[in-house]
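Close look at the chain arrangement
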Amino acid sequence: MAAMRTESVLILGGGLMGLAVAHKLARRGRSVEVLSRRRNEAAGFVAAGMLAPHAEGLCKEQLQLGQLSLESIPSWVEQIEADSGLCCGLRPCGIVVPFATATQRDLYPTAYLGETLNRSGLEREVAGIGPNWQAGLLFSQDGQIDNRRQLMRALETACVNLGVRFQEGVNVQELLQDGNTFKGVRVRNAEGELHTLTSKEAVLCCGAWSVQLLPELSIYPVKGQMLSLQGPRNALTRIVFGPGTYLVPREDGLLVVGATSEPDAGFTEGLTPCGQRQLQAGIASLLPQANQWPPMERWWGFRPCTPDEGPLLGRSSVDGLWLATGHHRNGVLLAAITAEMLENCLSNEPLSTKQQQLLHAFRWDRF
């Protein structure tokens, strides 16, 4: 077994969270190495890219974390675009949440943060919305980013331009420890060879797979199926966040439709007829005309979920091993603040009082 020593910070996982943290650390001048089994299976390539702390109806610390990240996203994107020369596809398009009744609307956890809509207001914001929806909330402060086609590629390019090293096709077999101190990882590369890679610090960003390396983490996969349709440009300008189904229109008319929630599926890959029928029923209910638009893609992925659906951030049970995982359905939203907080932690920079409170709220052992 070959042994290699590195002074780099190891990023375990090459998805959105891993790339975001790697980018921040590289900008700080740190040497960074990303170990990834298969980047295209990462949730960052699968998610719809909604930036929706208010439309999601988040509460308490999760809402605070989401709002903090939403505020920092424009400057975060500006850095990525400057370092990569590529556009990330950020669009503050606003999100409409429809309801069957005004009573349901007014009981929504974040209703006080949105603009109330009646049926005519819904029709003004979402032309062609289905007849079952009589009230709504408009969260103009929420939006989207084209993570699949733009953000992920821009982040990869920015990391490469800043000297981040990538090892793709590498399966991290186990963490190496001396007592309670992180010492490195044992990996199997794409050729099947085992290697030991020693390092003093690492960030665990393996999403739903994180528990395979650190079994004490309370993370499990929740499978989600999605599809996309090609609609006319500007046929839909707002995101529609319905119960069980959401419609995310890209600037070129592509409509991303998601997503099923299948906690019992484990890591079972593939599309299912039941899941696809659920998405089609959601389209028919929210925007009937879209059922006539040609389908483009169908795909699936695995959300990393925790018992309270909040992320695991900051220190782990192992000294030198940091956590940036468990973001469930809000990984794209929370990537900016997660990367910022982890950068400060690894650089021994002071965190704001709010960030310290949130790190405590989302510590790994809160369960």
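Up top you'll find the structure we're talking about.
Residues numbered from 1 in each chain as written. Predicted model: local features only at pLDDT ≥ 70, side-chain atom pairs only at ≥ 80, totals over all residues. Heavy atoms only, no water.

1. Here we look at the packing of helix H1 (residues 16-27) against helix H8 (residues 331-346)
Our working rule: What counts as an axis is a line fitted to C-alpha atoms, over the stretch in contact for a helix, and the angles between N-to-C directions run from 0 to 180 degrees. Every helix listed is a DSSP run of H or I at least four residues long, and every strand listed is a run of E at least two residues long, numbered separately from the N terminus. Should an angle lie under 35 degrees it is considered roughly parallel, over 145 roughly antiparallel, and from 65 to 115 roughly perpendicular; all remaining angles are considered oblique. Definitions for this section: a left-handed crossing has its near helix turned counterclockwise from the far helix by less than a right angle. A right-handed crossing has that turn clockwise. Two residues form a contact once any of their heavy atoms are found within 4.5 Å. Any residue that is not Ala, Val, Leu, Ile, Met, Phe, Trp, Tyr, Cys, Pro, Asp, Glu, Lys or Arg is counted as polar, Gly included; the first ten are nonpolar and the last four charged.
Following both chains from N to C, one finds H1 and H8 inclined at 40°, their axes separated by 8 Å at the closest point. The angle between the axes of H1 and H8 places the two elements in the oblique class. Crossing of H1 over H8 shows right-handed handedness. Packed against H1, whose contacting residues are Leu16, Met17, Ala20, Val21, Lys24 and Leu25, the element H8 presents Gly331, Val332, Ala335, Thr338, Ala339, Glu340, Leu342, Glu343 and Leu346 at the interface. A class-by-class count of the residues in the contact of H1 with H8 yields ten nonpolar, two polar and three charged.

2. Some remarks on the packing of aromatic side chains
For any pair of aromatic rings, the description consists of the separation of the ring centres together with the inter-plane angle of the planes. Using the following cut-off: Any two of the Phe, Tyr and Trp rings considered here, Trp counted by its six-membered ring, make a pair once their centres fall within 6.5 Å; the pair's planes then place it as stacked at under 30 degrees, edge-to-face at over 60, or tilted in between. Throughout, exposure labels follow a simple rule: accessible area from a 1.4 Å probe, protein chains only, divided by the maximum for the residue type, with under 20% read as buried, over 50% as exposed, and the rest as partly exposed.
Counted according to the given criterion, the structure contains five aromatic pairs. Seen in terms of ring centroids, Phe99 and Tyr108 are 5.3 Å apart; in terms of plane orientation they differ by 70°. Their pairing is edge-to-face. Note on Phe241 and Tyr246: the rings are 6.3 Å apart at their centroids and 0° apart in plane angle, and the pair reads as stacked. Accessibility classification places Phe241 together with Tyr246 in one group, the buried group. Following the ring pairs from residue to residue traces out a cluster consisting of Trp209, Phe267 and Phe302.

3. Re the environment of Asn180
Here Asn180 is to be found in the loop between strand S11 (171-178) and strand S12 (181-188). Accessibility expressed as a relative area gives 40% for Asn180, which makes it partly exposed. Separated by 139 residues in the primary sequence, Asn180 and Asp319 place their C-alpha atoms 6.1 Å from one another.

4. Details of the side chain of Ser72
If you trace the backbone, Ser72 turns up in helix H3 (residues 60-84). The residues contacting Ser72, other than those within four sequence positions of it, are Ala336, Ile337 and Glu340.

5. Quick notes on the pairing of strand S21 (residues 321-325)
On a regular strand, one side chain projects to one face of the sheet and the next to the other, so that they alternate. Stated formally: Two strands pair if DSSP finds at least two bridges between them.
Of all five residues making up S21, five are buried, and the element is well covered by its neighbours. Burial along S21 is two-sided: the residues Leu321, Leu323 and Thr325 and Trp322 and Ala324 are all buried. Pairing analysis gives four bridges linking strand S20 (residues 312-315) to S21, with the strands arranged antiparallel. Residue pairing in the sheet places Gly314 in a bridge with Leu323 of S21.

6. A closer look at the sheet that holds S20
Spatially, S10-S3-S2-S14-S21-S20 is the arrangement adopted by the six strands of the open sheet, whose pairing is mixed. The outermost strands of the open sheet, each flanked by one partner alone, are strand S10 (165-168) and S20. Across the sheet, the axes of successive neighbouring strands diverge by a mean angle of 20°, strand direction being ignored.

7. Re empty space enclosed by the protein
In plain terms, the rule: A cavity, in this analysis, means grid points on a 1 Å lattice covering only the protein atoms where a 1.4 Å probe fits yet has no way out; a pocket is instead an open set bounded by protein on both sides within 12 Å along at least five of seven lines, and a residue lines either one if it has an atom within 4 Å of a point. Grid points are joined across faces, edges and corners, and a volume is the space filled by probe spheres set on the points.
Scanning all chains against the criterion turns up two cavities of 30 Å³ or more. As a volume, the largest cavity reaches approximately 80 Å³. Contributing to the lining of the largest cavity are 14 residues, with Asn234, Leu236, Pro249, Arg250 and Gly253 lying nearest its centre. When its residues are assigned to classes, the lining of the largest cavity shows seven nonpolar, three polar and four charged.

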